[in-house]
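Observations on the three-dimensional arrangement
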Amino acid sequence: MMENRIKRLVRDVVDFPSEGIVFRDITPILKDQELCSDIIAEFVSRLKGINIDVVAGIESRGFLFGMMLANELKVPFVPIRKEGKLPYKSIKQCYDLEYGQSVIEIHEDAFKKGSNILVHDDLLATGGTVYAASELIGKLGGKIAAYSFLIGLEFLKGEDLLKEFGAKVVLLTKY
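Here's what I pulled together on the structure shown here. (Residues numbered from 1 in each chain as written. Predicted model: local features only at pLDDT ≥ 70, side-chain atom pairs only at ≥ 80, totals over all residues. Heavy atoms only, no water.)

1. Considerations on the pattern of salt bridges
For the structure on display, the rule yields 11 salt bridges. With a shortest N-O distance of 2.7 Å, Asp 12 and Arg 24 are connected by a salt bridge. In this pair, Asp 12 sits in strand E1 (residues 11-14) while Arg 24 sits in strand E2 (residues 22-25), placing the two residues 12 residues apart along the sequence. Relative accessible area serves as the criterion here: at 43%, Asp 12 is assigned to the partly exposed category. Close ionic contact of Asp 122 with Arg 61 constitutes a salt bridge, the shortest N to O distance being 2.8 Å. Within this pair, whereas Asp 122 is found in strand E7 (residues 116-124), its partner Arg 61 is found in helix H3 (residues 61-73), the two being separated by 61 residues in sequence. With a relative accessible area of 4%, Asp 122 lands in the buried category. Each of the salt bridges in this network shares a partner with another, and the network as a whole consists of Glu 83, Lys 92 and Glu 105. (Salt bridge = Lys/Arg side-chain N within 4 Å of Asp/Glu carboxyl O. Helix = DSSP H or I, 4+ residues; strand = E, 2+ residues; numbered from the N terminus. Buried < 20%, exposed > 50% of the residue type's maximum accessible area, 1.4 Å probe, protein only.)

2. Details of the sheet that holds strand E5 (residues 90-97)
If you walk across this open sheet you meet the 7 strands as E5-E6-E4-E3-E7-E8-E9, and the pairing is mixed. With partners counted over all chains shown, the strands left at the sheet margins are E5 and strand E9 (168-174), one partner each. Going from strand to strand, the sheet's axes swing by 20° on average, the running direction of each strand aside. The pairing of E5 with strand E6 (residues 100-107) spans 8 bridges and is antiparallel. Each bridged residue has a counterpart across the sheet, and for Asp 96 the counterpart in E6 is Gln 101. Against the sheet, helix H1 (residues 2-9) touches strand E8 (143-152) and E9, its axis set at about 55° to E9. (Pairing = 2+ DSSP bridges. Axes fitted to C-alpha atoms, helices over the stretch in contact; angles between N-to-C directions. Contact = heavy atoms within 4.5 Å.)

3. What about the packing of aromatic side chains?
In the structure shown here, the tally under the stated rule is 4 aromatic pairs. A cation sits over an aromatic face here: Lys 7 above Tyr 175, 4.8 Å from the ring centre. One cation-aromatic arrangement involves Arg 24 over Tyr 175; the distance from NZ or CZ to the ring centre is 3.9 Å. (Phe/Tyr/Trp six-rings, centres within 6.5 Å; stacked < 30°, edge-to-face > 60°. Lys NZ or Arg CZ within 6 Å of the ring centre and 35° of its normal.)

4. Brief notes about the side chain of Arg 24
Accessibility expressed as a relative area gives 16% for Arg 24, which makes it buried. A distance of 2.7 Å separates polar atoms of two side chains, one belonging to Arg 24 and the other to Asp 12. The contacts of Arg 24, once residues within four sequence positions are left out, are Val 10, Arg 11, Asp 12, Leu 123, Ile 151, Leu 153 and Tyr 175. (Polar contact = N/O pair within 3.5 Å; in protein donor to acceptor, adjacent residues only side chain to side chain.)

5. Quick word on the packing of helix H2 (residues 33-46) against H3
At a minimum axis separation of 10 Å, H2 and H3 run at an interaxial angle of 60°. Here H2 is positioned oblique relative to H3, judged by the angle of their axes. As for the relative orientation of H2 and H3, their crossing is right-handed in sense. Along its contact with H2, which presents Cys 36, Ile 39, Ile 40, Phe 43 and Val 44, the element H3 presents Phe 65, Met 68, Leu 69, Glu 72 and Leu 73. Split by residue class, the contact of H2 with H3 holds 9 nonpolar, no polar and 1 charged. (Parallel < 35°, antiparallel > 145°, perpendicular 65-115°, else oblique. Left-handed = near helix turned anticlockwise from the far one by under 90°. Nonpolar A, V, L, I, M, F, W, Y, C, P; charged D, E, K, R; others polar.)

6. A word on the packing of H1 against H2
If you want to describe how two helices pack, look at the angle between their axes and the distance between the axes. Their axes nearest at 11 Å, the elements H1 and H2 cross at an angle of 140°. In this view, H1 runs oblique relative to H2, as classed from their interaxial angle. Note that H1 runs across H2; the crossing there is left-handed. On H2, the residues touching Met 2, Arg 5, Ile 6 and Leu 9 of H1 are Glu 34, Leu 35, Asp 38, Ile 39 and Glu 42.

Any functional reading would require information beyond the geometric quantities listed.
See below:
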């Protein structure tokens with residue numbers, strides 16, 4: 001089963017990035033090319049029947065599988081980055097973190113108005129970053145078609161925050 005294969009390789013890093021946090025590190029998965037290919041196939045299978053025009057990956061781990069997923073779906077990939085990292089005209093969205101505030105941005109010409117966007121990241125925790133990404137997409141006239149995550153931390157209830165967008169949420173692994 002996919003969930004078990006992923007969980008076997010996810011590394012728990014205690015007290016990172018701060019004390020009391022258990023960080024779910026996906027980098028060991030990247031050493032297993034077969035599993036990476038199977039992960040993309042699983043995402044594609046679970047997203048079947050959803051009209052997706054663009055995959056938007058959230059910096060930085062959302063780029064890893066997001067780009068592969070866009071290639072498999074034969075659609076463009078758009079990066080959503082931390083403030084100051086995009087070289088062209090962009091729009092910004094501030095959002096709250098457990099320990100402060102942050103800002104993400106997207107190029108103002110990232111996709112055509114009315115595009116159906118799959119938002120991808122490695123992990124869904126509280127949902128703050130992906131919610132901010134969804135707001136950015138809305139500002140550009142995009143529609144959230146679906147969300148995809150390698151891991152979901154159910155106890156943090158991030159999925160609940162995304163319900164207002166009315167899009168399917170795909171989680172390959174839950175903790």
